[in-house]
Amino acid sequence: MDRQELAGFLRGRRERIAPADVGLPAGPRRRTPGLRREEVAQLAYISTEYYTRLEQARGPRPSREVLTGLARALRLSDAERDHLHHLAGAPPGPPPGPSREVRQSILDLIRRLPGSAALVLSATYEVIAWNDLAAALLEDFSALSRPQRNLVRQAFLGPQDGRRERYSLTDPEAFSHAAARHLRAVSARYPDDPEVAALVGDLLVGSPEFARLWADHDVRAIPTLRKTINHPLVGPVTVNCDVLDIADHDQHIVLYTADPGSPAEETLRLLSVVGTQRMDVPR
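Residues numbered from 1 in each chain as written. Predicted model: local features only at pLDDT ≥ 70, side-chain atom pairs only at ≥ 80, totals over all residues. Heavy atoms only, no water.

1. Describing the overall build of the protein chain
The condition is simple: Think of it this way: any DSSP run of H or I at least four residues long counts as a helix, any run of E at least two long counts as a strand, and we number them from the N terminus. Burial classes follow relative accessibility: with a 1.4 Å probe on protein chains only, a residue under 20% of its type's maximum area counts as buried, one over 50% as exposed, and anything between as partly exposed. All accessible areas in this document rest on Shrake-Rupley with a 1.4 Å probe, and a residue is counted as covered only by the protein chains that are shown.
Counting its regular elements, the protein chain contains 12 helices and 6 strands. Per-residue burial for the protein chain yields a buried fraction of 47% across its 283 residues. A total accessible area of about 15100 Å² is found for the protein chain, and carbon and sulfur atoms account for 52% of it.

2. Focus: the pattern of salt bridges
What counts is decided by this rule: Every case where a carboxyl oxygen of Asp or Glu lies within 4 Å of a side-chain nitrogen of Lys or Arg is listed as a salt bridge.
Here the structure, examined in full by the defined rule, presents 17 salt bridges. The shortest N-O distance in the salt bridge between Arg 16 and Glu 80 comes to 2.9 Å. On the criterion of sequence distance, the pair formed by Arg 16 in the loop between helix 1 (3–15) and helix 2 (37–44) and Glu 80 in helix 5 (residues 78–87) is long-range, its members being 64 residues apart. Look at Arg 16 and you get partly exposed, because its relative accessible area is 39%.

3. Brief notes about helix 4 (residues 64–73)
Selection criterion: Contacts are assigned to residue pairs that have any heavy atoms within 4.5 Å of one another.
Val 66, Leu 67, Gly 69, Leu 70, Ala 71 and Ala 73 are the residues of helix 4 that are buried. The inward-facing, buried residues of helix 4 contact helix 1, helix 2, helix 3 (48–55) and helix 5. Looking at the residues trailing helix 4, positive phi occurs at Arg 75, about 55°.

4. Comments concerning the environment of Ala 18
With respect to the helices and strands, Ala 18 occurs in the loop between helix 1 and helix 2. We classify Ala 18 as partly exposed; its relative accessible area is 32%. Distance in space between the C-alpha atoms of Ala 18 and Leu 35 is 6.5 Å, their sequence separation being 17 residues.

5. Focus: the environment of Gly 69
As for its placement among the helices and strands, Gly 69 is situated in helix 4. C-alpha separation for the pair Gly 69 and Leu 43, spaced 26 residues apart in sequence, amounts to 7.5 Å.

6. Looking at the packing of aromatic side chains
Definition in use: Each Phe, Tyr or Trp ring (for Trp, its six-membered ring) is paired with any other whose centre lies within 6.5 Å, and the angle between the two planes then decides the class: stacked below 30 degrees, edge-to-face above 60, tilted in between. Two conditions define a charge sitting above a ring: the NZ of Lys or the CZ of Arg must be within 6 Å of the ring centre, and it must be within 35 degrees of the ring normal.
A complete count under the given rule lists 4 aromatic pairs for this structure. For the pair Trp 130 and Phe 141, a centre-to-centre distance of 5.5 Å together with 55° between the ring planes defines the contact as tilted. Within this pair, whereas Trp 130 is found in strand 2 (residues 127–130), its partner Phe 141 is found in the loop between helix 7 (132–137) and helix 8 (151–157), the two being separated by 11 residues in sequence. On the accessibility criterion, Phe 141 (2% relative accessible area) is buried. Taking NZ or CZ as reference, Arg 184 lies 3.9 Å from the ring centre of Trp 214, over its face.

7. Digging into the nonpolar core
Looking at soluble globular proteins, one finds that nonpolar side chains tend to be buried together. Note the cut-off: Only buried residues count toward a nonpolar core. Its members are Ala, Val, Leu, Ile, Met, Phe, Trp, Tyr and Cys residues joined through side-chain atoms within 4.5 Å.
Counting residues in each nonpolar core, the largest one holds 41 residues, and the members touching the most others are Leu 119, Leu 137, Leu 183, Leu 203, Phe 210 and Tyr 256. Top element by residues in this core is helix 9 (residues 172–189). It accounts for 5 residues. For Tyr 256, the residues in contact, after removing those within four places along its chain, are Ser 116, Ala 117, Leu 119, Leu 137, Leu 138, Lys 227, Val 239, Asn 240, Cys 241 and Leu 268. Core analysis: the second largest hydrophobic core is formed by 23 residues, Val 40, Leu 54, Leu 67 and Leu 74 among them.

8. With respect to the environment of Val 274
Here Val 274 shows up in helix 12 (residues 263–274). Residues Val 274 and Ala 136 lie 138 residues apart in sequence; the distance between their C-alpha atoms is 7.6 Å.

9. Observations concerning the side chain of Thr 267
Relative to the helices and strands, Thr 267 resides in helix 12. Dropping the residues within four chain positions of it, Thr 267 is found in contact with Val 234 and Val 237.

10. Section: unusual backbone geometry
Even without being glycine, Tyr 45 reaches a positive phi, approximately 60°. The phi torsion at Ala 57 lies on the positive side, around 60°, for a residue other than glycine. With respect to the helices, strands and loops of the structure, Ala 57 is situated in the loop between helix 3 and helix 4. The exposure class of Ala 57 is buried, given its relative accessible area of 15%.

Everything listed is a geometric property; what it means functionally is a separate question.
This is the structure we're talking about:
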């Protein structure tokens, strides 16, 4: 365990996080950059005294549970998480859960595709990045909470908050079956992740269809190459659906594109101009 390096690393990671990044108010009397020590301790579920001793290079070797809490509280990338473990003298094991960190190059890529609706999905089908056309075609994901942005949860349990879905698929069964197979494989890759377990538990309780599919133990991947999306304002839009793997993060880029010269291409061009504004509301 390298106490000095660990202390400096924790301090540097703490100071780079804005309070708003973790849902905390900045406050007028905040004199130090980033989070306070007590805030990191609270987010990591450890005592402030213990965390302070770690930053002062006086603490004992943290357990793997403490390191996991610190990694989540400090929003560490996979590489930073591994570095934290090495500094603490505890070589990292497999990732505790699906990564939600999207590389900047991927964010730049989907924003440079104005004619394609692009999403980035985590291993659990949570929408973790999207471009403007995806928001116009499917949903304004920025207005949704994390549970609402999970496409598997939405497929089997519905919106769950009283709102109406902004779009629907003409083949919901095909997506549901593929999503259940995918989630079965994901649960095997992340057996100790509480969020994966909670998602599967909610689906088993809330959806008899999911429970039936889950009991099949089927993990076959059957790609869907075309989808027809029922948009509430422009009607049915038939698009190509291509999925690109981001293997090192266990994520996927989903691209919805239209055939050149097709009515769907004109519709996507219209949606790219209109964006997420409501065309059915008089001005």
